[in-house]
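Below are the chains, spelled out letter by letter.
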Protein chains: 2
Amino acid sequence: MDYTLYLVTDRGLSKGRSTLDIVQAAVRGGVTCVQLREKNCSAREFIAEAISVQSFLKEHRIPLIINDRLDIAQAIQADGVHLGQNDIPLKMARAIVKDSMLIGISAESLQDAVEAERYGADYIGVSPIYATATKSDTAPALGLKGLREIRKAVKIPLVGIGGLNRSNAAEVIRNGADGIAAVSAIVSADDPEKAAAELSEIIRQAVIL
Amino acid sequence: MDYTLYLVTDRGLSKGRSTLDIVQAAVRGGVTCVQLREKNCSAREFIAEAISVQSFLKEHRIPLIINDRLDIAQAIQADGVHLGQNDIPLKMARAIVKDSMLIGISAESLQDAVEAERYGADYIGVSPIYATATKSDTAPALGLKGLREIRKAVKIPLVGIGGLNRSNAAEVIRNGADGIAAVSAIVSADDPEKAAAELSEIIRQAVIL
């Protein structure tokens, strides 16, 4: 798995463009992983959208991760599911899917991260690194210090999320993240392909240096 | 499975009483099956409530069915899941759970019912029999005529739902339903136990006669 530039979709922030259009542009720009996040549609609509995105992503060998709905991830045989602290607990989710699917966990604290690794998460979304307007239900920002503490405590991949963009992506990588999750920095960009390409280059430089 | 008096919970209609309290009273009154329906809480809250209801129901050997969220049904190893026409399609759901779980399908038309039987539903919720204020997103009422048409076309158990109460439960049974689903008739009753007991007796009489 390559988590370096991890797109999280958000229909409400996409300025009227379809999620498929955003995903296609972002993949052309260089995202390495896509999480489909849909909070306000029926399961059937979510599945229809996921299938359309999945068939595009398969051609490009980019993994698809479904937010929250483990059953929808199973229904479409997604590559993974991403669970927050209010979603199905990791132990239950792992018992259901065994090793058939990646499970990512949003950790809002050092303790969350240590537990996620202990119970078999494949990666951790360290959330939020910075305060963000994208989500209203987030915990206090962890900052680079919180990220470094988590980096010291766990070995599995860390994806930073929350308020990340061109101005701070490099420092998040340098402070221990394996990847950057972008929401509005890509989905709200006038040119999502260009935004993804710029972030991709920033991350590449940060990894090298 | 005994679907004769099938309680569907609704927190918003329960007049401030907990779902567990309503379920306990309804079981004392004679409900034979409980569907837990939660539309406005997190998966983790839904699971916590489902586990508390489940441990009570197991003592009384009453099956627990989870509305909509197949993953939550799997997480707690519920007896079944109930899916509407906007939820995960039956074929996908059956492929996920195999025969480990009952699957009920809400049919809003004769065609829905025939398809549900063809693709392996364990029972059908015929919905709505009458117009109801409980749900705002329902199809036009099927009436007793619609119920009879479905009864002729499929062999699996039928549970009528939608606007059912003491005044009309008997005619729904006599027109082909194997059971009555009650929402507000029980959860909004001043005395849910008494309401369930009265409905149970009405159904018993209708089955005999």
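Everything here concerns the structure above.
Residues take numbers from 1 onward in each chain, read along the sequence in its written order. Both sets of labels track the order of writing: A upward for chains, 1 upward for ligands. Per-residue local features are limited, in this predicted model, to residues with pLDDT of at least 70; the limit for side-chain atom pairs, both in listing and counting, is 80 or more; totals at the level of whole chains, interfaces and linings are taken over all residues. The side-chain quantities take in all heavy atoms of the structure and omit both hydrogens and water.

Caption draft 1: Quick peek at the environment of Tyr-3 of chain B. All names here are of chain B. Here Tyr-3 lies in the segment before strand S1 (5-8). Through-space distance from the C-alpha of Tyr-3 to that of Ala-107 is 16 Å; in sequence the pair is 104 residues apart. Once you skip the residues sitting within four places of it in the chain, Tyr-3 turns out to touch Thr-32, Cys-33, Leu-102, Asp-122, Tyr-123, Pro-157, Val-159, Asp-178, Gly-179 and Ile-180. In this text, helices come from DSSP runs of H or I with a minimum length of four residues, and strands from runs of E with a minimum of two, each type numbered from the N-terminal end. Two residues form a contact once any of their heavy atoms are found within 4.5 Å.

Caption draft 2: The arrangement of the packing of aromatic side chains in detail. Residues and elements named next belong to chain A. Only the six-membered ring of Trp is used, alongside the rings of Phe and Tyr, when aromatic pairs are assigned; centres must lie within 6.5 Å, and planes under 30 degrees apart are stacked while those over 60 apart are edge-to-face, with the rest tilted. The final tally for this structure, using the stated rule, is four aromatic pairs over all chains. For the ring pair Tyr-3 and Tyr-123, a centre distance of 4.7 Å and an interplane angle of 40° mean the geometry is tilted. Linking Tyr-3 in the segment before strand S1 (5-8) with Tyr-123 in strand S6 (residues 123-126), this pair joins segments that are 120 residues apart in sequence. For the residue pair Tyr-3 and Tyr-123, the accessibility class agrees, reading buried in each case. Taken together, the ring pairs in this structure connect Tyr-3, Tyr-6 and Tyr-123 into an aromatic cluster. The buried label goes to any residue with under 20% of its type's maximum accessible area, the exposed label to any with over 50%, and the partly exposed label to all in between, with areas taken from a 1.4 Å probe on protein chains only.

Caption draft 3: View of the interface of chain A and chain B. Taken together, the contact between chain A and chain B spans 20 residues of the former and 20 residues of the latter. Note on definitions: buried area is the accessible-area loss of two parts on being combined, 1.4 Å probe, summed for both. Roughly 1700 Å² is buried in total at the junction of chain A and chain B, and carbon and sulfur atoms are behind 59% of that figure. Together, Arg-44, Asp-71 and Met-92 of chain A form the three largest contributors to the area buried by chain A at its contact with chain B, with a combined 32%. The shortest N-O distance in the salt bridge between Asp-68 of chain B and Arg-69 of chain A comes to 3.6 Å. We count a salt bridge whenever a side-chain nitrogen from Lys or Arg sits within 4 Å of a carboxyl oxygen from Asp or Glu.

Caption draft 4: Quick look at the relation of the copies chain A and chain B. Superposition of the copies used a least-squares fit over C-alpha atoms from residues whose pLDDT is at least 70 in both. Rotating chain A by 180° and translating it 0.0 Å along the rotation axis places it on chain B, where the RMSD comes to 0.0 Å. The symmetry that links the two subunits is that of a two-fold axis. Every residue of chain A has its C-alpha some distance from the rotation axis, and the shortest such distance is that of Asp-71 of chain A, at 2.4 Å. The residues that chain A uses at the interface reappear at the interface of chain B in 100% of cases, marking a shared surface.

Caption draft 5: Structural context of the sheet that holds strand S5 (residues 102-107) of chain A. Residue and element names in this part refer to chain A. Note on pairing: two strands pair once DSSP finds at least 2 bridges between them. Spatially, S1-S2-S3-S4-S5-S6-S7-S8 is the arrangement adopted by the eight strands of the closed barrel, whose pairing is parallel. Taken pair by pair, the neighbouring strands of this sheet meet at an average axis angle of 25°, ignoring direction. Pairing between S1 and strand S2 (residues 33-36): three bridges, direction parallel. Within S2, the residue paired with Val-8 across the bridge is Gln-35. Its contacts with the sheet place helix H2 (residues 43-59) against S2 and strand S3 (64-67), and it is angled at close to 160° to S3. Only the contacting stretch of a helix is used when fitting its axis, a line to C-alpha atoms as for every element, and angles between N-to-C directions run 0 to 180 degrees. Contacts from helix H4 (residues 90-97) reach strand S4 (80-83) and S5 within the one sheet, and its direction differs from that of S5 by about 170°.

Caption draft 6: Geometry of the nonpolar core. Nonpolar core, defined: a set of buried Ala, Val, Leu, Ile, Met, Phe, Trp, Tyr and Cys residues in which side-chain atoms within 4.5 Å join the residues together. Ile-66 of chain A together with Ile-66 of chain B are the most contacted members of the largest nonpolar core, which totals 126 residues. Apart from the residues lying within four places of it in its own chain, the contact partners of Ile-66 of chain B are Leu-36, Phe-46, Ala-50, Ile-72, Ala-73, Ile-76, Ala-78, Gly-80, Val-81 and His-82 of chain B.

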